[in-house]
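In case you want the letters, here they are:
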Amino acid sequence: MNCIIVDDEPLAREAMEMLISENGRLTLVSAFNNATSAAKFIQEQSVDLIFLDIRMPKVTGLEFARTIPKSTLVIFTTAYAEYAIDSYEVDAVDYLVKPIVSERFRKAVEKAEAYHTLLLTDEKENIENVESEFMFVKSERRFFKVNFKDILFIEGLKDYVIIQLPDQRIITKTSMKAIHELLPKIFLRVNRSYIVNTQQIASFDNNDIYIDKYEIAIGNNYRDIFFEEFVTKMGKMG
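Structure report, in brief.

Here is what the cut-offs are and how they apply
Residues numbered from 1 in each chain as written. Predicted model: local features only at pLDDT ≥ 70, side-chain atom pairs only at ≥ 80, totals over all residues. Heavy atoms only, no water. Pairing = 2+ DSSP bridges. Helix = DSSP H or I, 4+ residues; strand = E, 2+ residues; numbered from the N terminus. Axes fitted to C-alpha atoms, helices over the stretch in contact; angles between N-to-C directions. Salt bridge = Lys/Arg side-chain N within 4 Å of Asp/Glu carboxyl O. Core = buried A, V, L, I, M, F, W, Y, C linked by side-chain atoms within 4.5 Å. Buried < 20%, exposed > 50% of the residue type's maximum accessible area, 1.4 Å probe, protein only. Contact = heavy atoms within 4.5 Å. Phe/Tyr/Trp six-rings, centres within 6.5 Å; stacked < 30°, edge-to-face > 60°. Lys NZ or Arg CZ within 6 Å of the ring centre and 35° of its normal.

## Quick look at the sheet that holds strand E1 (residues 2-6)
Part 1 of the argument: Strand order in the open sheet formed by 5 strands is E2-E1-E3-E4-E5, with parallel pairing between adjacent strands. In this open sheet, the two strands that pair with only one neighbour each are strand E2 (27-32) and strand E5 (94-97). The average angle at which neighbouring strand axes cross in this sheet is 20°, direction not considered.
Part 2 of the argument: In this sheet, strand E4 (residues 73-78) lies alongside strand E3 (residues 49-53) in parallel orientation, the contact comprising 5 bridges. Residue Ile50 lies in a different strand from E4, and its bridge partner there is Val74.

## What to know about the pattern of salt bridges
Part 1 of the argument: Tallied over the entire structure, the rule returns 12 salt bridges.
Part 2 of the argument: Taken together, the shared-partner salt bridges connect Arg25, Glu103, Arg106, Glu110 and Glu113 into one network.

## Some remarks on the nonpolar core
Part 1 of the argument: Residues Met16, Ile20, Leu26, Leu49, Phe51, Ile75 and Phe105 are the most contacted members of the largest nonpolar core, which totals 24 residues.
Part 2 of the argument: If you list the elements that add at least two residues to this core, you get E1, helix H1 (10-21), E3, E4, helix H5 (102-119) and strand E10 (160-165).
Part 3 of the argument: With 6 residues, H5 is the largest single contributor of residues to this core.
Part 4 of the argument: Beyond its immediate sequence surroundings of up to four residues, Ile75 is in contact with Leu49, Ile50, Phe51, Leu52, Val93, Asp94, Leu96, Ala108, Val109 and Ala112.
Part 5 of the argument: Core analysis: the second largest hydrophobic core is formed by 22 residues, Ile4, Phe32, Met56 and Ala84 among them.

## Some details on the packing of aromatic side chains
Part 1 of the argument: All told, the structure shown has 11 aromatic pairs when counted by the stated rule.
Part 2 of the argument: The interplanar angle of 90° and the centroid separation of 5.9 Å between the aromatic rings of Phe134 and Phe136 together place this pair among those described as edge-to-face.
Part 3 of the argument: Note on Phe226 and Phe227: the rings are 5.3 Å apart at their centroids and 80° apart in plane angle, and the pair reads as edge-to-face.
Part 4 of the argument: A relative accessible area of 25% places Phe227 in the partly exposed class.
Part 5 of the argument: Ring-pair connections join several aromatic residues into one group, and the members of that group are Phe204, Phe226, Phe227 and Phe230.
Part 6 of the argument: Between the NZ or CZ atom of Arg55 and the centre of the ring of Tyr80, over which it lies, the distance is 4.3 Å.
Part 7 of the argument: Over the ring of Phe134 we find Lys145, and its NZ or CZ is 4.4 Å from the ring centre.

## What about the sheet that holds strand E16 (residues 214-217)?
Part 1 of the argument: Overall, antiparallel pairing links the 3 strands, which are arranged E14-E15-E16 in an open sheet. Looking along the sheet, the strands with just one partner apiece sit at the ends: strand E14 (203-204) and E16.
Part 2 of the argument: By the bridge criterion, 2 bridges tie E14 to strand E15 (residues 208-211) in an arrangement that is antiparallel. Opposite Ser203, over in E15, you have Tyr210 as the bridge partner.

What follows is the structure, given as structure tokens:
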């Protein structure tokens, strides 16, 4: 994938360049210290992936992300973890907190590659044969049987969703709204980009939900629903 870096800090750009150079799947085509220059570049050049800082002068990373082509993916890179929930609003592939370690960077790139492959195809993915305990999900020209109880969470990006299982991810072309309507009541939407299986929740606080090794932010617009639908019912069951 062709990629660019957009970050106003020189040291941060250098660190990102090093991570990209160590990853044989990426080709760095340019780096910018502001969003305005990057915006002009992607109007003339094809860019598959942008490593984008959030807090920058004049045009912020979040503002810039709202203007990029649908076919260009974004991984946010920032020193401020509190912006994670905002990244969901612009369909970011991932959110990396500085200093970025190579293993975490590799996982984010693999996720971007999976989306990029799907965006290049015209295949219409879908969900069929929804039963009380499972559904069949079409992905990569095959139908996978997915048991509802095994789903950890479902993540949305652009026109696709990822069904995260304990040891597998299934990516299919559908909307968050469409798949949510097919799921049993144990599933709750907790922000714009995530639907969680409440039976898989290991712990939570006022801002985040923890499922297995994953941390998922609770969106401001979904917090009341989460605490009413999950926490209140859990208390009654206890």
